[in-house]
Amino acid sequence: MTGPHPADESSRHEPRQVPYGESRWPMAAAVIAAAVLTLLLPDDLRLGPRWALPAVEGLLLVR
């Protein structure tokens, strides 16, 4: 007779725990804060149209 099958040995171990994902809210709050601060900048400090950077930041939230 041969020894136990390798699959039988692995079934003796505890089941693997599923790791929890990271919370998305802190990242979303930071992106929203950056978009709001960008909108509040005076026109002479902006490099492009008023809506350009907040639109890109909004795309980051959707992704």
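Here the structure is shown first, and the text comes after it.
1. Considerations on the overall build of the protein
Right, on to step 1. Assigned secondary structure in the protein consists of three helices and zero strands.
Right, on to step 2. Order of helices (α) and strands (β) in the protein, N terminus to C terminus: α-α-α.
Right, on to step 3. For the protein, the residues scored as buried account for 11% of the 63 residues in total.
Right, on to step 4. Carbon and sulfur atoms provide 65% of the accessible area of the protein, an area that totals close to 6,100 Å².

2. What to know about the side chain of T38
Right, on to step 1. Relative to the assigned elements, T38 resides in helix α2 (residues 25–40).
Right, on to step 2. Of the polar contacts made by the side chain of T38, one reaches the backbone oxygen of A34; its length is 2.7 Å.
Right, on to step 3. In this structure T38 touches R46, L53, P54 and E57, once residues within four positions along its chain are discounted.

Each value, and the rule that gives it
Residues numbered from 1 in each chain as written. Predicted model: local features only at pLDDT ≥ 70, side-chain atom pairs only at ≥ 80, totals over all residues. Heavy atoms only, no water. Helix = DSSP H or I, 4+ residues; strand = E, 2+ residues; numbered from the N terminus. Buried < 20%, exposed > 50% of the residue type's maximum accessible area, 1.4 Å probe, protein only. Areas by Shrake-Rupley, 256 points an atom, 1.4 Å probe, with all protein chains shown as cover. Polar contact = N/O pair within 3.5 Å; in protein donor to acceptor, adjacent residues only side chain to side chain. Contact = heavy atoms within 4.5 Å.

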